[in-house]
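Residue-level structure breakdown
In case you want the letters, here they are:
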Amino acid sequence: MKKSVYALMVMMALNIGYAFAGTPELHEPKALKVLTSQIYELLGTNVIPNDIRGSKAEVRVAVDEGNYLRILSIETENEALKDFLKSAIDFEKLSKGTFEKGIVYRIPIEVAKR
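Residues numbered from 1 in each chain as written. Predicted model: local features only at pLDDT ≥ 70, side-chain atom pairs only at ≥ 80, totals over all residues. Heavy atoms only, no water.

**Re the overall build of the protein**
What counts is decided by this rule: Runs of H or I in DSSP of at least four residues are treated as helices and runs of E of at least two as strands, each being numbered from the N terminus. Three exposure classes are used, based on accessible area relative to the maximum for each residue type with a 1.4 Å probe and protein chains only: buried under 20%, partly exposed in between, and exposed over 50%. Note that accessible areas follow from Shrake-Rupley with a 1.4 Å probe, and for residues the cover is restricted to the protein chains shown.
When its secondary structure is counted, the protein shows 3 helices and 3 strands. Secondary structure of the protein in N-to-C order comes out as α-α-β-β-α-β. In the protein, which comprises 114 residues, the share counted as buried stands at 28%. As presented, the protein carries roughly 8500 Å² of accessible surface, and 58% of it is formed by carbon and sulfur atoms.

**Digging into a nonpolar patch on the surface**
Using the following cut-off: Think of a patch as exposed residues, more than 30% relative accessible area, with no salt bridge, where like charges cluster within 9 Å and nonpolar side chains (Val, Leu, Ile, Met, Phe, Trp, Tyr) cluster within 5 Å. What makes a salt bridge here is a side-chain nitrogen of Lys or Arg within 4 Å of a carboxyl oxygen of Asp or Glu, nothing more.
Residues Val5, Tyr6 and Met9 make up a contiguous nonpolar surface patch of about 330 Å² in total accessible area. Structurally, methionine 9 can be placed in helix 1 (residues 2–21).

Purely geometric stuff here, so don't read any function into it on its own.
Now the structure itself:
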């Protein structure tokens, strides 16, 4: 009789361990992915000029107090793309996510050809 009670207690302990192991954890997307998607949304709301189609740029941005996007630098060969990016996303308020202050994010941007 004692062996069956001990066996029952061991089985209950293992089942409780399995129940806690199967608890899903909350998954939050990384800050860079959230930031990149918001930048692409901001760029998508503007009319894209034909002279920047097919151009590439690497943009370094940071988020300041109040979740405002600040462009630190833009590396590109196309000056029209640089002006377009500055006018489209600099000083824009981000709607989603909380970002660490003082982190510099590098975001590659390529404007699609039609």
